[in-house]
Amino acid sequence: MCTNERLAWVCLVSIAVVYIPYFSFLTYLVQTSNVPPPLGVATIAFVGAIIAQMFITGIPAAIVGILDRKQVTDERDIAIRHKASTLAYVCLISCVLILVTGASLLRPMFPLLGDGVFIGQLGLLCVVISELSNYGVQVFEYRRTT
Amino acid sequence: MPVKNSVRRCRFDADEMTQQQLADRLGVSRQTIISIESGKYQPSLELAFRIAALFGKRIEEVFVFVDESKT
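All residue numbers here refer to positions counted from 1 along the written sequence of the relevant chain. Chain labels run from A onward and ligand labels from 1 onward, assigned in the order the entries are written. Only residues with pLDDT of at least 70 get local features here, since the model is predicted, and only at 80 or more are side-chain atom pairs given and counted; chain-wide, interface and lining totals rely on the full set of residues. Derived side-chain values reflect all non-hydrogen atoms in the structure, with water molecules and hydrogen atoms excluded from consideration.

Visitor: Honestly, the overall build of chain A in this entry has me stumped. Any pointers?
Guide: Put simply, DSSP H or I for four residues or longer makes a helix, DSSP E for two residues or longer makes a strand, and each gets a number counted from the N terminus. Per the secondary structure count, chain A includes four helices and zero strands. In chain A, the order of α-helices and β-strands from amino to carboxyl end is α-α-α-α. Exposure classes here rest on a 1.4 Å probe applied to the protein chains alone. A residue is buried below 20% of its type maximum, exposed above 50%, and partly exposed in between. The buried share of chain A, reckoned over its 146 residues, is 34%. Whether two residues are in contact is decided by their heavy atoms, any of which lying within 4.5 Å being enough. A separation of at least 24 residues holds for 83% of the contacts in chain A among residues at least 6 apart in sequence. Of the accessible surface of chain A, which amounts to about 8500 Å², a share of 75% is contributed by carbon and sulfur atoms. Within this scheme the basic residues Lys and Arg register as positive and the acidic residues Asp and Glu register as negative, but His and the chain ends are omitted. Taken as the charge centre is NZ of Lys, CZ of Arg, CG of Asp or CD of Glu, depending on the residue. Averaging the positions of the 9 positive and the 8 negative side-chain charges in chain A gives two centres separated by 3 Å. Each accessible area is a Shrake-Rupley estimate made with a 1.4 Å probe; only the visible protein chains count as cover when residues are assessed.

As structure tokens, then:
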């Protein structure tokens, strides 16, 4: 397994490890109180998620980088990253369009969709899904072509 | 894959050059050489020319297009 594949695995796992509990926590808050999560709670949870992701991604990435100093990034890596980022971009645009359309259509039935914090969290979910698809495609392509 | 290659044969003919040695001389990773040899990754035209030149052959001697629609 090459360095870039290891780094893609690290990023994929770290995003899953951090943001699945993050969104589960926010969903739990919404379900129990039936109101959007307060801005303060959402902000603290978000900052906590960012700090956790920095550690979960940064430490293994540094170790991988130190262990594989000789590793080069070649045209195959660039081709895989290009393919992954293209698909991630399509994924992000699709998610945002679904979010905007869904929010405007369903708002009369679900007043939560008019809340700024809730919309912000849905936007963050779109980014997380696109990043998951980005690193997921990278891992898949590295596995497929090796 | 419609493009077959004989990189493994060329390495064998070049004093049994290892994949790592070939990768180092081309400036790519060993995984890329493995992928090219197994036909799972098609190199760019530039890399294909460099591989052929490294073995002192023409590109069509190393990379062969197989038209599967005619077979």
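Visitor: What's the story with the packing of aromatic side chains in this structure? I'm lost.
Guide: Both the distance between ring centres and the angle between the ring planes are used here to describe each pair of aromatic rings. Residue and element names in this part refer to chain A. Two rings belonging to Phe, Tyr or Trp (six-membered ring only in the last case) form a pair when the distance between their centres is within 6.5 Å. Interplanar angles under 30 degrees mark stacking, angles over 60 mark edge-to-face geometry, and anything in between is tilted. By the definition in use, this model includes four aromatic pairs over all chains. Where tyrosine 19 meets phenylalanine 23, the ring centres are 6.3 Å apart and the plane angle is 35 degrees; that geometry is what we call tilted. One end of the pair is tyrosine 19 and the other is phenylalanine 23, both in helix α1 (residues 3–33) and four residues apart, which spans about a single turn. For the residue pair tyrosine 19 and phenylalanine 23, the accessibility class agrees, reading buried in each case. Measuring from ring centre to ring centre gives 5.0 Å for tyrosine 22 and phenylalanine 23, while their planes differ by 80 degrees; the resulting arrangement is edge-to-face. Take tyrosine 22: its relative accessible area is 4%, and that puts it in the buried class. Judged by relative accessible area, phenylalanine 23 falls into the buried class, the value being 15%. The rings of Tyr19, Tyr22, Phe23 and Phe46 are connected pair by pair, giving a single aromatic cluster.

Visitor: Just checking my understanding: could you explain helix α3 (residues 30–37) of chain B for this structure?
Guide: Because the α-helix completes a turn every 3.6 residues, residues three or four places apart line up on one side. Within α3 of chain B, six of the eight residues are buried, which leaves the element mostly enclosed by the surrounding structure. Along α3 of chain B, the residues that are buried comprise Gln31, Thr32, Ile33, Ser35, Ile36 and Glu37 of chain B. Buried-residue contacts for α3 of chain B involve α3 (75–106) of chain A together with β1 (3–5), α1 (7–13), α2 (19–26), α4 (45–54) and β2 (63–65) of chain B. Phi turns positive one or two residues past the end of α3 of chain B, at glycine 39 of chain B, with a value near 80 degrees.

Visitor: It is not clear to me how the packing of α2 of chain B against α3 of chain B should be interpreted in this structure. Could you clarify?
Guide: What describes two packed helices is the angle between their axes and the distance between those same axes. Residues and elements named next belong to chain B. Interhelical geometry of α2 versus α3 gives an angle of 110 degrees and a closest axis separation of 8 Å. In terms of axis orientation, α2 runs roughly perpendicular to α3. From α2, Gln19, Gln20, Leu22, Ala23 and Leu26 reach across to α3, where they touch Arg30, Ile33, Ile34 and Glu37. Across the contact of α2 with α3, the residue classes break down as five nonpolar, two polar and two charged. Only the stretch in contact is used when fitting a helix axis, every axis being a line fitted to C-alpha atoms; angles between N-to-C directions are given from 0 to 180 degrees. Roughly parallel means an angle under 35 degrees; roughly antiparallel means over 145; roughly perpendicular covers 65 to 115; every other angle is labelled oblique. Each residue is assigned to one of three groups, with Ala, Val, Leu, Ile, Met, Phe, Trp, Tyr, Cys and Pro labelled nonpolar, Asp, Glu, Lys and Arg labelled charged, and all others, Gly among them, labelled polar.

Visitor: Is there a simple way to explain the pattern of salt bridges in this structure?
Guide: Oppositely charged side chains may form a pair once their charged atoms are brought near each other. Residues and elements named next belong to chain B. Take a side-chain nitrogen of Lys or Arg and a carboxyl oxygen of Asp or Glu: if they are within 4 Å of each other, that pair is a salt bridge. Throughout the structure, instances matching the rule amount to eight salt bridges over all chains. With its nearest N and O atoms 3.7 Å apart, the salt bridge here joins arginine 9 to aspartate 13. In this pair, arginine 9 and aspartate 13 both sit in helix α1, four residues apart, roughly one turn of the helix. According to the relative accessible area criterion, aspartate 13 is partly exposed, its value standing at 46%.

Visitor: Is there a simple way to think about unusual backbone geometry in this case?
Guide: Note: most residues except glycine have negative phi, and most peptide bonds are trans. All names here are of chain B. Residue aspartate 15 is not a glycine yet carries a positive backbone phi of 55 degrees. Inspection of the secondary structure puts aspartate 15 in the loop between α1 and α2. Overall, aspartate 15 belongs to the exposed group, its relative accessible area being 74%. The backbone phi angle of glutamate 16 is positive, close to 50 degrees, even though this residue is not glycine. Along the chain, the position of glutamate 16 falls in the loop between α1 and α2.

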